[in-house]
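Residue-level listing of the chains:
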Amino acid sequence: MITEIAPAPGRVAAEPARPGGKRRAWDEVPRWQIYVPLTVYLLFTLIPFYWILLFALRPAGSTSLVPWPMTFEHFGKVWTERSFGTYFTNSVYVGLATLVLTTVIALAGGYALARFDFRLKRGFMLALLCSQFVPGALLLVPLFQIFANLRMINSLGSVVIAETVFQLPLSMILISGFIRNVPYSLEEAAWVDGCNRLTGFRIVVLPLLRPGLIAVGSFAFVHAWNHFLFALMFLSDQGKQTIPVGLNTLMSSDSVDLGALAAGGIIAAVPVVIVFAFIQKWLITGFSAGAVKG
């Protein structure tokens, strides 16, 4: 009779040998060969941010490498004199409206792709994928003509629609992958209990899609917040411009106000950083779930 012998107290059982007695390649790599490249990459990433903070916080005309004495005059200048308060409000409107429209429409389309079979479904999916290779600049002429006929030029609604159209293909593909990960039997159980398709989806499926919806919505918001081309082409009134176009107005052919430009860049970046700091957990979970199947 063979019995398993437990390791003595205080001792750790030896790690079982891998097949063939081979060790993984990264087990033999010295730690410094991992940390040194990571440190170099971290410095390469953080130094530009420090440089922006330096120009934004030090007085005009100063050449110090340390922002001391610290001043916030550049922030006050761009917020009031350069109308960044208006640009900020317009960007928030465009970003939130794009987030809502993209999420709602992509949710409906993604559900249809995940749960229904219809003719040319594979061709439709292929068209959605191929649309991601089309640069946004190619959409400017047809979209401009459409908005001109609808008398929507110089309207924030035109930018919201353009951003939504640009974001929908990828969002639909991602959400369809999230829905495929939800067992179809859960919806069937809700139907047996008396729910119709819409009610069963709202009660059973929608709560399970929260990480995916947050991932898709945040992606749409950040893209609409940072996109420069549509706002530049469709908006002519300065009072309706967004932050990326406002940053462009700080640069001229004669001179560039580096302090104001750096302060405007920080104003543009801080909201996105705050949003990602709060949704980081859901964002990683959502993209991981969407990458398993679909």
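Residues numbered from 1 in each chain as written. Predicted model: local features only at pLDDT ≥ 70, side-chain atom pairs only at ≥ 80, totals over all residues. Heavy atoms only, no water.

**Describing the overall build of the protein**
Within the protein one finds twelve helices and zero strands. When its helices and strands are written in sequence order, the protein yields α-α-α-α-α-α-α-α-α-α-α-α. In the protein, which comprises 294 residues, the proportion classed as buried is 34%. Within the protein, contacts between residues separated by at least 24 positions form 71% of all contacts whose residues are at least 6 apart in sequence. Per element, the accessible surface of the protein, about 18,600 Å² overall, is 68% carbon and sulfur. (Helix = DSSP H or I, 4+ residues; strand = E, 2+ residues; numbered from the N terminus. Buried < 20%, exposed > 50% of the residue type's maximum accessible area, 1.4 Å probe, protein only. Contact = heavy atoms within 4.5 Å. Areas by Shrake-Rupley, 256 points an atom, 1.4 Å probe, with all protein chains shown as cover.)

**Quick word on a nonpolar patch on the surface**
Taken together, Tyr50, Trp51, Leu65, Val66, Trp68, Met70 and Phe72 make up a surface patch of nonpolar side chains, about 830 Å² in accessible area. Along the chain, Met70 falls in the loop between helix 1 (32–57) and helix 2 (73–81). (Patch = residues over 30% accessible without salt bridge, like charges linked within 9 Å, V, L, I, M, F, W, Y side chains within 5 Å. Salt bridge = Lys/Arg side-chain N within 4 Å of Asp/Glu carboxyl O.)

**Quick word on unusual backbone geometry**
One non-glycine residue, Ser83, lies in positive phi territory at about 60°. Within the fold, Ser83 resides in the loop between helix 2 and helix 3 (84–115). Of note in this structure, Asn154 is not a glycine but carries a positive phi near 65°. For Asn154, the position within the fold is in the loop between helix 5 (140–149) and helix 6 (156–180).

**Regarding the pattern of salt bridges**
Under the definition given, this model contains two salt bridges. With a closest N to O distance of 2.7 Å, Glu187 and Arg115 form a salt bridge. Note that Glu187 is positioned in helix 7 (residues 184–192) and Arg115 in helix 3, a separation of 72 residues in sequence. Arg115 carries the same exposure label as Glu187, and that label is buried. Taking the shortest distance from any N to any O, the salt bridge between Lys121 and Asp117 comes out at 3.5 Å.

**What to know about the nonpolar core**
Counting 20 residues, the largest nonpolar core has Ala56, Phe75, Val78, Phe84, Trp225, Ile243 and Leu247 as its most contacted members. Put simply, the parts of the chain that give this core at least two residues each are helix 1, helix 2, helix 3, helix 9 (210–226), helix 11 (243–249) and helix 12 (258–290). Looking at this core element by element, the count peaks at seven residues for helix 12. (Core = buried A, V, L, I, M, F, W, Y, C linked by side-chain atoms within 4.5 Å.)

**Here we look at helix 2**
Buried within helix 2 we find His74, Phe75 and Val78. Buried residues of helix 2, viewed axially, fall in a sector of 105°; they line one side. Exposed residues lying more than 90 degrees from the buried face of helix 2 are Thr80 and Glu81. Positive backbone phi, approximately 60°, marks Ser83, located one or two places after helix 2. (Arc of directions from axis to C-beta.)

**A few points about the packing of helix 7 against helix 8 (residues 197–208)**
Interhelical geometry of helix 7 versus helix 8 gives an angle of 140° and a closest axis separation of 9 Å. Taken as axis vectors, helix 7 and helix 8 run oblique relative to one another. Crossing of helix 7 against helix 8: the hand is right-handed. Counting all contacts with helix 7, which are made through Tyr184, Leu186, Glu187, Ala190 and Trp191, the residues of helix 8 involved are Arg197, Gly200, Val204, Val205 and Leu208. Its residues placed into classes, the contact of helix 7 with helix 8 shows seven nonpolar, one polar and two charged. (Axes fitted to C-alpha atoms, helices over the stretch in contact; angles between N-to-C directions. Parallel < 35°, antiparallel > 145°, perpendicular 65-115°, else oblique. Left-handed = near helix turned anticlockwise from the far one by under 90°. Nonpolar A, V, L, I, M, F, W, Y, C, P; charged D, E, K, R; others polar.)

**Digging into the side chain of His74**
In this fold, His74 is placed in helix 2. For His74, the side chain forms a polar contact with the main-chain oxygen of Arg58, separated by 3.2 Å. Discounting chain neighbours no more than four positions away, the residues touching His74 are Phe55, Ala56, Arg58, Pro59, Ala60, Gly259, Ala260 and Ala263. (Polar contact = N/O pair within 3.5 Å; in protein donor to acceptor, adjacent residues only side chain to side chain.)

**Focus: the packing of helix 4 (residues 121–131) against helix 6**
For the pair helix 4 and helix 6, the least separation of the axes is 8 Å and the interaxial angle reads 130°. On the basis of the axis angle, helix 4 is oblique to helix 6. As helix 4 runs across helix 6, the sense of the crossing is left-handed. Where helix 4 approaches helix 6, its residues Phe124, Met125, Leu128, Leu129 and Ser131 are matched on the opposing element by Pro169, Met172, Ile173 and Arg180. Grouping the amino acids of the contact of helix 4 with helix 6 by side-chain chemistry returns seven nonpolar, one polar and one charged.

**What about the environment of Thr242?**
Relative to the helices and strands, Thr242 is located in the loop between helix 10 (229–234) and helix 11. Expressed as a C-alpha distance, the spacing of Thr242 and Trp225, which sit 17 residues apart in the sequence, is 8.1 Å. Beyond its immediate stretch of four places on either side in the chain, Thr242 contacts Tyr87, Asn90, Ser91, Val94 and Ala231.

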